Amino acid sequence: MCGIIGVTGDPEALGILLEGLHRLEYRGYDSAGVALVVAGDEIWRKRRAGGTKSLPELVAAVGDAPRGVACGIGHNWWATHGGPTERNAHPHTDASGKLALVHNGIIDNYRELAATLPQGGAELTSDTDSEVLAHYVAGKMATGLGLADAVRSALRDVHGKFSIGVVHVDEPELIVGARRGSPLICGLNDTTAFLASDIPAIHGKADEFFVIDDERVVELTPGAVRITTLLGDEVEPERREVTWNLASAEKGGYPDFMLKEIHEQPDAVRDTLLGRIDNGVVALDSTELTEEDLRRIDKIFVVGCGTSFNAGLVGELAIEHWAKVPVKSEVASEFRYRDPVLTPTSLVVAISQSGESLDTMEAVTFAKRQSAKVLTVCNVVDSSMARDSDAVIYTHAGPEICVASTKTHVAQIAALNLLALQLAQARGTLYPEEAAHLVRDLQLVPDKIAAAMAQSGHVKAVAEKYRDIRDVFFIGRQVGRALAQEGALKLKELSYVRAEAYPAGELKHGPIALIEEGTLVVAIATKSRLLDKIISNIQEVKARGASILAIATDDGDGNVDPRIADLADDVFSVPYAGHELFTPMVDVVPLQLFAYYLAKARGNDVDKPRNLAKTVTVE
Ligand code: F6R
């Protein structure tokens, strides 16, 4: 989970690399580095490590770069092998200093490869698996191979996941890239070629974009692209359509991507519903599962990680409620290790913003191997997961740059509700009028989300009041429990405050022992069948000294249930979403804003929280 960028054919290559790294910072920021190919000489290289300071320090340090060099590669790192220090930062060079390599992923057999290097790898200068690969490719070149052939030959010996970019001073216009399991794309204009982990890095520079599939090697020279298999057989480059513009991936006047993306949530849900509801009937465009497939499904597993998993919890409740199929949701990193019973009539619903999270991708591969059908709910078109699944529902949320997910989470819940309703239609578990009524309410959700945003100022004031809080509990029931999990995740990852989520009824079985004077309990107390019970749970913690922050439903006149108003120290009121199963899309808004403003009050970088990366492509 790193960012890779490469450019060849532009004398301003260094500037393009640095701008690309800036746009790719969401993929990792433990270090940043660039390498320029100085023909016939050595690689010129600069690296800096130090969390979010890495890239600014790199930019400040490149004043001595050679002018007019037209080819180079760059890298943002999310540290895996070795600590985030300068000696471990990419690009890595070979012993001669003539070859440079950037890598995203993990080389599983790096120790075996290192053992084949001169003196068992004594010349290695870092603790990384990636440097081993740089030396290993150089070793292949020493046998007389050109750079591209050397990369192909080396990668045939590599076990693990990678996307790489490699350059060599003896072939100063060539960048060789390759991919297995980690994202990589390339782009062209008339005179220049680009390599990148993701399209935003080269958007506005390249005129056309190309997919690089797994097990492919790409050779980029100014204005030209050639793609081959690892054996060297040529493959026709496949164009990739890009329908969004760069402005949608920039801050657009907001202080951070996170706030911008929170405000984009009404559109994210609207666009996810667009074209998928026809006359009160759900018609998912992108699922290739037939009505017959949907009827035959007898068991569903919903898998994902982090925020995507939390969306899956809502999906589980919606599918069971409307389509009456047994569903189990599970974190993807656990799923494939516990022998889940899968058959051709099982459906695995994989949820992933990026479509590249390794844990979820491995769950997809496992499910397919076990002959289950796989449907991916995903935001990135043509991502690895989308390509590997039987069917895809794209969330049309637009590019999400902030490391913490917001708009893609609500779009995922919208997509899962659509799926639940389509399953119910296909299986005859909902009357058509009932389904039509529900989809009408679903279409009103974007306006409710916008209305929930209106109390941003109040949320900010409450968050500032709790600036120094140490422990927070989030409690809820059913969808409120999924929401509690998401609220706690947002708070801990952004503000670094210890936050735990519990099903509210479970507190009394142990965790209530932790409640003491001043502990903050955030209670999801919006309109639901279980509201009376959650009010009792609030009373239990209030009686033990907790401060209560309640999320409660506005009755339309600006009032909330008087029992909640009496018990709570602070209330964030939200409009009712029309159905309990739609409420997480609206109710999550004040929780996101609370985490955002609390983190800001503590001086944290909300777009790039410590220790995280946007796309986690390691186990
Ligand atoms: C938290 C967050 C992460 C991701 C998780 C899965 O705000 O963003 O928990 O949700 O890493 O990522 P995707 O959805 O890309 O598979």
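Residues numbered from 1 in each chain as written. Predicted model: local features only at pLDDT ≥ 70, side-chain atom pairs only at ≥ 80, totals over all residues. Heavy atoms only, no water.

> I'd like a rundown of the sheet that holds strand β3 (residues 43-49), residues and numbers included.
On the basis of which strands lie adjacent, the open sheet formed by 8 strands has the order β3-β2-β4-β1-β10-β9-β11-β15 and antiparallel pairing. Among the strands making up the open sheet, the edge pair consists of β3 and β15 (238-240). Geometrically, the sheet is characterised by an average inter-axis angle of 20° between neighbouring strands, direction not taken into account. Inspection of the sheet shows strand β2 (residues 31-37) paired to strand β4 (residues 71-77) by 6 bridges, in the antiparallel sense. When the sheet's bridge partners are listed, L36 is paired in β4 with G72. Sheet strands in contact with helix α1 (residues 13-23) are β1 (3-8), β2, β4 and β10 (193-196), and its direction is about 160° off that of β2. Packed onto the sheet, helix α2 (residues 54-61) meets β2 and β3 and runs at close to 140° relative to β3. (Pairing = 2+ DSSP bridges. Helix = DSSP H or I, 4+ residues; strand = E, 2+ residues; numbered from the N terminus. Axes fitted to C-alpha atoms, helices over the stretch in contact; angles between N-to-C directions. Contact = heavy atoms within 4.5 Å.)

> Give a detailed account of the environment of R180, specifying residues and quantitative values.
Mapped onto the elements, R180 comes out in strand β8 (residues 175-180). Considered as a pair, R180 and R216 are 36 residues apart in the sequence and their alpha carbons are 7.6 Å apart. Ignoring anything within four residues of it in the chain, the contact list for R180 reads L155, V158, H159, G160, K161, F162, D214, E215 and L230. One polar contact links the side chain of R180 to the main-chain carbonyl oxygen of V158, over a distance of 2.8 Å. (Polar contact = N/O pair within 3.5 Å; in protein donor to acceptor, adjacent residues only side chain to side chain.)

> Before we move on, can you summarise the nonpolar core with the specific residues and values?
Judged by nonpolar contacts, the single largest core of 123 residues is most densely connected at I300, W322, V349, M585 and F594. Those residues in contact with V349 that sit more than four places away from it in its chain are I300, F301, V302, V303, L375, V377, L416 and L419. Counting residues in each nonpolar core, the second largest holds 29 residues, with L113, A134, M141 and V166 among its members. (Core = buried A, V, L, I, M, F, W, Y, C linked by side-chain atoms within 4.5 Å. Buried < 20%, exposed > 50% of the residue type's maximum accessible area, 1.4 Å probe, protein only.)

> Quick rundown of the pattern of salt bridges? Include the residues and the values.
In the structure shown here, the tally under the stated rule is 38 salt bridges. E238 is the partner of R387 in a salt bridge, and the nearest nitrogen-oxygen pair spans 3.4 Å. With a gap of 149 residues between them, R387 in helix α12 (residues 384-388) and E238 in strand β15 connect regions that are remote in the sequence. By relative accessible area, R387 is classed as partly exposed at 30%. Residues joined by salt bridges that share partners form a network here, namely D149, R152, E219, R226 and E234. (Salt bridge = Lys/Arg side-chain N within 4 Å of Asp/Glu carboxyl O.)

> So what about the packing of helix α9 (residues 306-323) against helix α16 (residues 479-495)? Which residues, and what values?
For the pair α9 and α16, the least separation of the axes is 9 Å and the interaxial angle reads 175°. When the axes of α9 and α16 are compared, the pair comes out roughly antiparallel. Contacts from G306, T307, F309, N310, L313, V314 and L317 of α9 reach α16 at V479, A482, Q485, E486, L489 and K490. When grouped by side-chain class, the residues that make up the contact of α9 with α16 number 7 nonpolar, 4 polar and 2 charged. (Parallel < 35°, antiparallel > 145°, perpendicular 65-115°, else oblique. Nonpolar A, V, L, I, M, F, W, Y, C, P; charged D, E, K, R; others polar.)

> Summarise empty space enclosed by the protein; cite the residues concerned and give the values.
One pass over the full model with this rule turns up 3 cavities of 30 Å³ or more. The space that makes up the largest cavity amounts to roughly 110 Å³. Around the largest cavity sit 13 residues that line it, and R477, G480, I524, T526 and S528 are the ones nearest its centre. In terms of residue class, the lining of the largest cavity is made up of 5 nonpolar, 5 polar and 3 charged. (1 Å grid on protein atoms, 1.4 Å probe; cavity = no way out; pocket = protein on both sides within 12 Å on 5 of 7 lines; lining within 4 Å. Points joined across faces, edges and corners; volume = space filled by probe spheres on them.)

> Summarise the packing of aromatic side chains; cite the residues concerned and give the values.
Inspection of every chain in the model, using the stated rule, returns 6 aromatic pairs. Geometrically, the ring pair formed by F301 and F335 is tilted, given 5.5 Å between the ring centres and 55° between the ring planes. Of this pair, F301 sits in strand β18 (residues 299-304) while F335 sits in helix α10 (residues 332-335); the two residues are 34 residues apart in sequence, bridging distant segments of the chain. We note that F301, like F335, is buried. Ring centres 6.0 Å apart and planes at 25° place the aromatic pair F473 and Y502 in the stacked group. (Phe/Tyr/Trp six-rings, centres within 6.5 Å; stacked < 30°, edge-to-face > 60°.)

> Account for unusual backbone geometry, with residues named and values stated.
In this structure, P91 follows H90 across a cis peptide bond, with omega equal to -5°. Note that P91 resides in the loop between β4 and β5 (92-93). With a phi close to 50°, Q119 is a non-glycine residue in the positive phi region. Relative to the elements of secondary structure, Q119 occurs in the loop between α3 (110-115) and α4 (129-141). Not every positive phi belongs to a glycine, and E215 is a case in point at roughly 65°. Turning to its location among the elements, E215 is positioned in the loop between β11 (208-211) and β12 (216-221). The exposure class of E215 is partly exposed, given its relative accessible area of 31%.

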